[in-house]
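The chain contents come next:
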Amino acid sequence: MIIKLSVYQIVILIISLYFIFGATAKYIKKEEGQTFIKFFFAIAVWSGIIIFSIFPNLTRTISLKLGFGENLNTMIFIGFIIVFMIIFRLINIMERIERNISEIVRKEALSKLENKKDEMS
Amino acid sequence: MEINNKIYIILPVFNEESVVCDVISGIKAEGYENIIVVDDGSTDNTHRSVMNIKGVVALRHFLNRGKGAAIKTGIEAAKFLNAEIVVTMDGDGQHNANDIKKMIEKINEGYDVVLGNRFHEGNKIPLVRVVYNKIGNVFTLLFCGLWVKDSQSGLRAYSKKAIELIDTKTDRYEYDSEVIREIKKNGLKFIEVPITVEYTMYSRNKKEKQNLKNGIKTLLKMLTF
């Protein structure tokens, strides 16, 4: 079965593949801040975008089965993407704050060590 | 046996006022004089009770950051004090200081990391902990790529090379599994040795210990490695 793709579908496909390859490369290289859960969600979201851009009727089928109208269906889809992006961002911020708090607490604890070392020697 | 004075024992403690001095005495009785106690923001007198003991470096987190964070602080302190071998133990008295000797022997044989294994016939371990550990082992294999028999053991020994290479980011119980990932990542030579543990009523009743809720949290944190 050959699928005829319009220009916008091809553009979305290229952009999505770019982000999927980017996320995979970052995860494989174990770049700072890259985690399995972020990688998983990135793949899930961008794969979803590819699927729905190639098979747009799928959204109609799903929305009809769920009992939504077509316009609402699109809104929900866009809403999900925005929510996922916000969640990613919040997870990143929370992780960074947690790490920073631990580092501050650690530095404060270790700052007293130099005096202890003098006492022990 | 003459004990290397560059061996440091690290005890992460949180509200262990009633047992920490006995744990330290047990370690000293085995001949280890360098002990780093990291009080992880206790609300009782844990820190005060250890700060004047000879040979003990008493450090304190002003906020509770978790067992992993406390061990990391201890390891940083040991590095600062030029430690050659570091041993980490739980501060609640469940580990036996007798086991330190055989762990250090393995480091001297050329292993980078020695992991204590609680799960053998000699130990009486509550069934629930056996189940938690098996689940932990499976997820450690999935996320860290290494199979070990006791992924959550707190009694571990590290060579100088290991403490230089192991770089952990997590703060709480997921730290134990993250160390396994670092062993794999850095190609460190490791071995598991059987250790004795005693689950007293005290250690069983500690609410900070691994339970189902903490286990799920640990599992979710492992996803973020």
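Scoring rules and cut-offs
- Residues numbered from 1 in each chain as written.
- Chains lettered and ligands numbered in written order.
- Predicted model: local features only at pLDDT ≥ 70, side-chain atom pairs only at ≥ 80, totals over all residues.
- Heavy atoms only, no water.
- Salt bridge = Lys/Arg side-chain N within 4 Å of Asp/Glu carboxyl O.
- Helix = DSSP H or I, 4+ residues; strand = E, 2+ residues; numbered from the N terminus.
- Buried < 20%, exposed > 50% of the residue type's maximum accessible area, 1.4 Å probe, protein only.
- Contact = heavy atoms within 4.5 Å.
- Buried area = accessible area lost by both parts, 1.4 Å probe.
- Polar contact = N/O pair within 3.5 Å; in protein donor to acceptor, adjacent residues only side chain to side chain.
- Nonpolar A, V, L, I, M, F, W, Y, C, P; charged D, E, K, R; others polar.
- pLDDT = per-residue confidence, 0-100.
- Arc of directions from axis to C-beta.
- Pairing = 2+ DSSP bridges.
- Axes fitted to C-alpha atoms, helices over the stretch in contact; angles between N-to-C directions.
- Patch = residues over 30% accessible without salt bridge, like charges linked within 9 Å, V, L, I, M, F, W, Y side chains within 5 Å.
- Areas by Shrake-Rupley, 256 points an atom, 1.4 Å probe, with all protein chains shown as cover.
- Core = buried A, V, L, I, M, F, W, Y, C linked by side-chain atoms within 4.5 Å.

1. Details of the pattern of salt bridges
Reasoning step 1: Inspection of the entire model under this criterion finds 19 salt bridges over all chains.
Reasoning step 2: A salt bridge links Glu98(A) to Arg65(B), with the shortest nitrogen-to-oxygen separation between them at 2.9 Å. Of the two residues, Glu98(A) is situated in helix α4 (residues 70–111) and Arg65(B) in the loop between β3 (56–61) and α3 (67–80); the pairing between them involves two chains.
Reasoning step 3: In this structure, Asp99(B) and Lys102(B) form a salt bridge, with 3.3 Å as the shortest nitrogen-oxygen distance. Highlighted residues: Asp99(B) and Lys102(B), both in helix α4 (residues 99–108), separated by three residues, approximately one helical turn.
Reasoning step 4: Looking at Asp99(B), the relative accessible area reads 5%, which means it is buried.
Reasoning step 5: Among the charged side chains, a network of salt bridges with common partners joins Lys67(B), Asp90(B), Arg156(B) and Asp176(B).

2. Describing the interface of chain A and chain B
Reasoning step 1: On the chain B side, the residues contacting the 22 residues of chain A number 25 residues.
Reasoning step 2: Here chain A meets chain B over a buried area of about 2200 Å², counting both sides, of which 67% is carbon and sulfur.
Reasoning step 3: Where chain A packs against chain B, one counts one salt bridge.
Reasoning step 4: Summed over the shared surface of chain A and chain B, the number is five residue pairs in polar contact (both at pLDDT 80 or more).
Reasoning step 5: Elements that contribute at least two residues to the side of chain A that touches chain B include exactly α2 (36–54), α4 and α5 (113–120) of chain A.
Reasoning step 6: Of the residues forming the side of chain A that touches chain B, the biggest block, 12 residues, is contributed by α4(A).
Reasoning step 7: Class assignment for the residues of the side of chain A that touches chain B results in nine nonpolar, three polar and 10 charged.

3. Description of the confidence of the model for chain B
For any part of a model where pLDDT is low, the fine detail of the predicted coordinates should not be relied upon.
Reasoning step 1: Per-residue confidence for chain B gives a mean pLDDT of 88; residues scoring 70 or more make up 89%.
Reasoning step 2: Confidence estimates for the predicted assembly give a pTM of 0.76 and an ipTM of 0.85.

4. Here's the deal with α4(B)
Residue and element names in this part refer to chain B.
Reasoning step 1: Of the residues making up α4, those classed as buried are Asp99, Ile100, Met103, Ile104 and Ile107. Taken around the axis of α4, the buried residues stretch over an arc of 130°, which confines them to a single face.
Reasoning step 2: On its buried face, α4 sits against β1 (7–13), α1 (20–29), β4 (85–88), β5 (113–117), β6 (156–159) and β7 (190–194).
Reasoning step 3: Downstream of α4 by one or two residues, Gly110 has phi in the positive range, about 120°.

5. A word on the environment of Lys101(B)
All names here are of chain B.
Reasoning step 1: Position of Lys101 relative to the elements: it lies in helix α4.
Reasoning step 2: Owing to a relative accessible area of 39%, Lys101 belongs among the partly exposed residues under this scheme.
Reasoning step 3: It is 9.7 Å that separates the C-alpha atoms of Lys101 and Tyr32, two residues lying 69 residues apart in sequence.

6. Things to note about the sheet that holds β6(B)
Residues and elements named next belong to chain B.
Reasoning step 1: Sheet architecture is open: seven strands sit in the order β3-β2-β1-β4-β6-β5-β7, paired in mixed fashion. The open sheet terminates on both sides in strands that have one partner only, identified here as β3 and β7. Taking each pair of neighbouring strands and ignoring which way they run, the sheet shows an average axis angle of 20°.
Reasoning step 2: Note: strand β2 (residues 35–40) against β3, six bridges, orientation parallel. Each bridged residue has a counterpart across the sheet, and for Val38 the counterpart in β3 is Leu59.
Reasoning step 3: Lying over the sheet, α1 contacts β1, β2 and β3, oriented at roughly 165° with respect to β1.
Reasoning step 4: Lying over the sheet, α4 contacts β1, β4, β5, β6 and β7, oriented at roughly 150° with respect to β5.

7. Let's talk about the side chain of Ser42(B)
All names here are of chain B.
Reasoning step 1: Take Ser42: it is sitting in the loop between β2 and α2 (46–50).
Reasoning step 2: On the accessibility criterion, Ser42 (4% relative accessible area) is buried.
Reasoning step 3: Separated by 2.7 Å, the side chain of Ser42 and the backbone nitrogen of Asn15 make a polar contact.
Reasoning step 4: A polar atom in the side chain of Ser42 sits 2.4 Å from the side chain of Asp39.

8. Regarding a nonpolar patch on the surface
Residues and elements named next belong to chain A.
Reasoning step 1: A cluster of nonpolar residues, Ile3, Leu5, Ile10, Ile14, Ile51, Phe55, Leu58 and Ile62, forms a patch on the protein surface that exposes about 620 Å² of accessible area.
Reasoning step 2: Take Leu5: it is sitting in the segment before α1 (7–28).
Reasoning step 3: The exposure class of Leu5 is partly exposed, given its relative accessible area of 31%.

9. Comments concerning the pairing of β6(B)
Residue and element names in this part refer to chain B.
Reasoning step 1: Residue alternation in β6 divides its side chains into two sets, Arg156 and Tyr158 and Ala157 and Ser159, and both sets are buried.
Reasoning step 2: With three bridges joining them, β5 and β6 adopt antiparallel strand pairing. Paired with Val114 across the strands is Ala157, a residue of β6.

10. A look at the nonpolar core
Residue and element names in this part refer to chain B.
Reasoning step 1: Judged by nonpolar contacts, the single largest core of 32 residues is most densely connected at Ile9, Leu11, Ile27, Val87 and Ile100.
Reasoning step 2: Listed by contribution, the elements that provide at least two residues to this core are β1, α1, β2, β3, β4, α4 and β7.
Reasoning step 3: What Ile9 contacts, discounting residues up to four positions off in sequence, is Ile27, Tyr32, Asn34, Ile35, Ile36, Val87, Met89 and Ile100.
Reasoning step 4: By size, the runner-up hydrophobic cluster in this structure holds 30 residues, among which are Ala78, Ala83, Phe143 and Ala162.

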